[in-house]
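# Understanding the architecture of this molecule
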Amino acid sequence: MKKLMHNLFASLLTGASVALVYFVFSAVVDQLQDFIWFTLFDTSENKILAIPVAVCGATVLAITLKAMAAKGHQEIGHNLTGFAAKANQINLNWLMRSLLVGAVSLIAGASLGPEAILLPVSYGIAYIIAKKIGVSQPAQFGFIGIIVLLAAFFNAYAAALFPLAFISFKKSADIKKSIMVIGFGLVAIATGLGVLRLLHDREGYIYLSPIGDVTITPFLIGIAVVVAAVATLIPLLLDALVVPLQRLYDRLNRHWLIGAVVAGLGIGIFYFLLGPIAYFSGHSGLGELLKDNSELTSLQLAGLAIGKLLITAWSLATIYRGGVVFPQLMVGMSIALLLSGGIPDSSWLFTLLVASFFGIFTGALGSVIVAIAFVVSLFGIPSLPLVAAAVVGSLLIKLLFRRQFAAKSAL
């Protein structure tokens, strides 16, 4: 009974803590991005200002990285399969330094999302709580922190329940134990979402306005297979772009200060060319793009897709820290809107968005299970026939590119 109460208390505390950290981190980053880039320096009206702002931001990030390295800060990455093996590196100081480096990177202008920062931090929060309370196997309990973060990102149970069940049964052959883990996970998810509702955060990290009435036809199901297959290749293309850009950056990076200026120049020039809709992780731009896409030409949508992919690759190749999932959703939406331009039909657009998002989630995270959870959370039950079709397209690409997907195991 005592063990059960320890686990229950740890679940409640983990849910509340992860949700609170997610909320505060996202709010601080969003507010400072808005203040620096749009209030202090109005880069939307004076686009050329994006270049010096990005250079200054990159310099501050480089100084932060040097300071953290001097203090012995180690990054443990964001591959979920490696967290438990590196749990001994995690302590409260590590959490605070990880949040600081991540926040500075995103505020500095990285075309990256917060997921790669908050995933290990959420794992670390759950791990530390479990260790302090005396939960057995705290390294495994840490995954509950990740599950809560997934629910918070999409403000939906579905985003976390599939991965929770998958992790529970994958990590343990004992059915009873797996069911208990799911139970504690549900407590943590409910607590986390409850905290977010108390804080009036009801939309999640990305919010898409209703698209309209949808009618799924066999033709659209066939289109979903093809579009999902193509979209699954986008993260692989991103990986391929990072390699030459990293080589170029390494040649120019003769000193940490020079490296910072070069990194910031790249970000600033891209933002100058693309405009504010392409800034940062792209999570706020998704809703704006979906609402105002009729104002953009086909050439602009194509340029946005290509430019966002290149600037995300540049961010990864240089000094910035962050995740690639949310920026690539901007790429996927741009392509979907480009393809839907000549056919003003909500069912057609819905199909393109569901299939492209599904492919990007699968390609970026390597998990069809996670992709199903995320897409259903975003688009609801009407998306299920299209999701089933998208699974076929994405699995085909995963089969053809097994080697490239070997290191992309999200769960």
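In what follows, the accompanying structure is described. (Residues numbered from 1 in each chain as written. Predicted model: local features only at pLDDT ≥ 70, side-chain atom pairs only at ≥ 80, totals over all residues. Heavy atoms only, no water.)

For the rest of this paragraph, the subject is the overall build of the chain. When its secondary structure is counted, the chain shows 16 helices and 0 strands. Residues counted as buried form 54% of the 411 residues belonging to the chain. Taking the intrachain contacts of the chain between residues at least 6 apart in sequence as the baseline, contacts between residues at least 24 apart amount to 80%. On the chain, roughly 17800 Å² of surface is accessible, and the fraction owed to carbon and sulfur atoms is 67%. (Helix = DSSP H or I, 4+ residues; strand = E, 2+ residues; numbered from the N terminus. Buried < 20%, exposed > 50% of the residue type's maximum accessible area, 1.4 Å probe, protein only. Contact = heavy atoms within 4.5 Å. Areas by Shrake-Rupley, 256 points an atom, 1.4 Å probe, with all protein chains shown as cover.)

Where helix α8 (residues 218-252) meets helix α13 (residues 346-365), the axes come as close as 7 Å, and the angle between the chain directions of the two elements is 35°. Once α8 is placed against α13, the crossing between them reads as right-handed. Touching F219, L220, I223, A224, V227, A228, A231, T232, I234 and P235 of α8 are S347, W348, T351, L352, A355, S356, G359, I360, T362, G363 and A364, all from α13. Looking at the contact of α8 with α13 residue by residue, the class counts come to 14 nonpolar, 7 polar and no charged. (Axes fitted to C-alpha atoms, helices over the stretch in contact; angles between N-to-C directions. Left-handed = near helix turned anticlockwise from the far one by under 90°. Nonpolar A, V, L, I, M, F, W, Y, C, P; charged D, E, K, R; others polar.)

Bringing the packing of aromatic side chains into the picture now. All chains considered together, the criterion is met by 21 aromatic pairs. Ring geometry for W37 and Y279: centres 5.5 Å apart, planes at 65°, overall edge-to-face. Of the two residues, W37 sits in helix α1 (residues 2-40) while Y279 sits in the loop between α9 (256-274) and α10 (283-292), which places them 242 residues apart along the sequence. No difference in accessibility class separates W37 from Y279, as the two residues are buried. One aromatic cluster is present, built from ring pairs that chain together W37, F38, Y271, Y279 and F280. (Phe/Tyr/Trp six-rings, centres within 6.5 Å; stacked < 30°, edge-to-face > 60°.)

By secondary structure assignment, the location of S340 is in helix α12 (residues 325-340). Take S340: its relative accessible area is 8%, and that puts it in the buried class. In this structure the side chain of S340 is engaged in a polar contact, spanning 3.1 Å, whose partner is the backbone oxygen of L337. Every residue in contact with S340, bar those within four places of it in the chain, is listed here: W348, L349 and L352. (Polar contact = N/O pair within 3.5 Å; in protein donor to acceptor, adjacent residues only side chain to side chain.)

Tracing the backbone through its elements, the reader meets L289 in helix α10. What makes L289 buried here is its relative accessible area of 0%. When the C-alpha positions of L289 and A278 are compared, they lie 9.8 Å apart, and in sequence the two are 11 residues distant. Once residues within four sequence positions are removed from consideration, L289 is found in contact with I277, L296, L301, L304, M330, M333, S334 and L337.

Turning our eyes to something else, we now look at the layout of surface pockets. Taken as a whole, the second largest pocket encloses approximately 660 Å³ of empty space. G275, P276, I277, Y279 and E288 are, among the 32 residues lining the second largest pocket, the residues nearest its centre. Elements represented by at least two residues in the lining of the second largest pocket include exactly α1, α9, α10 and α11 (298-317). With 7 residues, α1 is the largest single contributor of residues to the lining of the second largest pocket. Across the lining of the second largest pocket, the residue classes tally to 16 nonpolar, 10 polar and 6 charged. (1 Å grid on protein atoms, 1.4 Å probe; cavity = no way out; pocket = protein on both sides within 12 Å on 5 of 7 lines; lining within 4 Å. Points joined across faces, edges and corners; volume = space filled by probe spheres on them.)

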